[in-house]
Amino acid sequence: MHVGRMKSGLDWNALVTVRLLRRWAAARDELANPLPTLVELARQIDCPPEAAIALGSLFQLTESCLGRPLKAECCCSRTLSEDERAVLLMIAAAAGPGEPFALPEIPHGLPGALAWAASSVRRLLGSGVGPAVMLRTGRCPFPARPQTAIV
């Protein structure tokens, strides 16, 4: 019996974002500067370098806001991590010019620089992420940071 390729439910822009996020996380884990490798991967997959740079800024700002590194699946995984889903949702829900900053997908809104970065990525890549990601949760799309007990 032949089993065909599984459809991801993501469009090209979302797949590019996930691929670049996975490359970002791998480079960061190796203590390397992730930006050159993002631009190189973008060139290989025919993505504009400015989109790779905007995504790099978005990833860096997101990690800063979360106070932790983004967690990505391995490069060959067909599933999305919670952080990958959250980044895609953040891009899809990013406000365009003249739109409100708090949308039902992310009711608390985004900090100024992060909102600007997500809007820039959306403008450069587009906003389609597929129904598998656009869940209207009404809460922060990122998993909560684990609390550490102070003794």
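Residues numbered from 1 in each chain as written. Predicted model: local features only at pLDDT ≥ 70, side-chain atom pairs only at ≥ 80, totals over all residues. Heavy atoms only, no water.

### Considering the confidence of the model for the protein chain
For the record, the criterion: Per-residue confidence from the predictor is given as pLDDT, running between 0 and 100. Each helix corresponds to a stretch of at least 4 residues labelled H or I by DSSP, and each strand to a stretch of at least 2 residues labelled E; elements are numbered beginning at the N terminus. Every residue pair with non-hydrogen atoms within 4.5 Å of one another is taken to be in contact.
Mean pLDDT for the protein chain: 77, with 66% of residues reaching 70 or above. Averaged over each element, pLDDT in the protein chain is lowest for helix α5 (residues 112-125) (83) and highest for helix α2 (residues 34-44) (94). Scored below 50 in pLDDT, residues 1-7 makes two contacts in the model with residues more than four places away or belonging to other chains.

### Examining the packing of helix α1 (residues 12-29) against α2
To keep things clear, this is the line we draw: Helix axes use the C-alpha atoms of the stretch in contact, all axes being lines fitted to C-alpha atoms, and the angles between their N-to-C directions lie in the range 0 to 180 degrees. To sort the angles, those under 35 degrees are grouped as roughly parallel, those over 145 as roughly antiparallel, those from 65 to 115 as roughly perpendicular, and the leftovers as oblique. Handedness of each helix crossing follows the sense of rotation of the near helix against the far helix: counterclockwise by less than a right angle gives left-handed, clockwise gives right-handed. As a working rule, the residues Ala, Val, Leu, Ile, Met, Phe, Trp, Tyr, Cys and Pro are called nonpolar, Asp, Glu, Lys and Arg charged, and the rest polar, with Gly in that last group.
Where α1 meets α2, the closest approach of the two axes is 9 Å, and the angle between their N-to-C directions is 150°. Considering their axes alone, α1 and α2 lie roughly antiparallel with respect to each other. Here the hand of the crossing between α1 and α2 comes out right-handed. Note on element contacts: α2 touches α1 through Pro34, Thr37, Leu38, Leu41 and Ala42, opposite Arg19, Leu20, Arg23, Trp24 and Ala27. A per-class count over the contact of α1 with α2 returns seven nonpolar, one polar and two charged.

### Thoughts on unusual backbone geometry
Note: most peptide bonds trans; most residues except glycine with negative phi. A positive phi is found at Leu31, a non-glycine position, where the angle reads about 60°. You can see Leu31 is positioned in the loop between α1 and α2. You will see that Asp46, though not glycine, has its phi angle at about 65°, which is positive. Mapped onto the elements, Asp46 comes out in the loop between α2 and α3 (49-66).

### Observations concerning the environment of Asp83
Just so we agree on the cut-off: Only protein chains enter the area calculation, which uses a 1.4 Å probe; residues under 20% of their type maximum are buried, those over 50% are exposed, and those in between are partly exposed. We define a polar contact as two N or O atoms separated by no more than 3.5 Å, with the added condition that, inside protein, one atom must be a possible hydrogen donor and the other a possible acceptor, whereas residues neighbouring each other in sequence contribute only through side-chain atom pairs.
Among the secondary structure elements, Asp83 is positioned in helix α4 (residues 82-93). Since its relative accessible area comes to 2%, Asp83 is described here as buried. With eleven residues separating them along the chain, Asp83 and Ala72 place their C-alpha atoms 6.7 Å apart. A polar contact of 2.7 Å, which involves the side chain of Asp83, links it to the backbone nitrogen of Lys71.

### A few points about the pattern of salt bridges
The criterion, for reference: Each reported salt bridge corresponds to a side-chain nitrogen of Lys or Arg within 4 Å of a carboxyl oxygen of Asp or Glu.
Enumeration according to the criterion identifies five salt bridges in this entry. We note a salt bridge from Arg28 to Asp29, for which the minimum N-O separation is 3.2 Å. Residue class for Asp29 comes out exposed when judged on its relative accessible area of 58%. Among the salt bridges present, the one from Glu40 reaches Arg43, with a minimum N-O distance of 2.4 Å. Of this pair, Glu40 and Arg43 both sit in helix α2, three residues apart, which is roughly one turn of the helix. Several salt bridges converge on common partners, so that one network encompasses Arg28, Asp29 and Glu63.

### A look at α3
The following threshold applies: How far a helix is expected to stretch is found by multiplying one less than its residue total by 1.5 Å.
When the terminal C-alpha atoms of α3 are compared, their 26 Å separation across 18 residues agrees well with the 26 Å that a helix rising 1.5 Å per residue should span. Contacts made by the buried residues of α3 are with α1, α2, α4 and α5.

### Looking at the nonpolar core
Inside soluble globular proteins, nonpolar side chains tend to come together where they are buried. Formally: Throughout this description, the term nonpolar core refers to a set of buried Ala, Val, Leu, Ile, Met, Phe, Trp, Tyr and Cys residues connected via side-chain atoms within 4.5 Å.
Membership of the largest hydrophobic core comes to 26 residues, with the highest contact counts inside it found for Leu20, Leu55, Leu58, Phe59 and Val87. By residue number, the principal contributor to this core is α3, which donates seven residues. The residues contacting Phe59, other than those within four sequence positions of it, are Thr17, Leu20, Leu21, Trp24, Leu38, Leu70 and Val87. Membership of the second largest hydrophobic core comes to five residues, among which are Ala14, Val18, Leu80 and Leu88.

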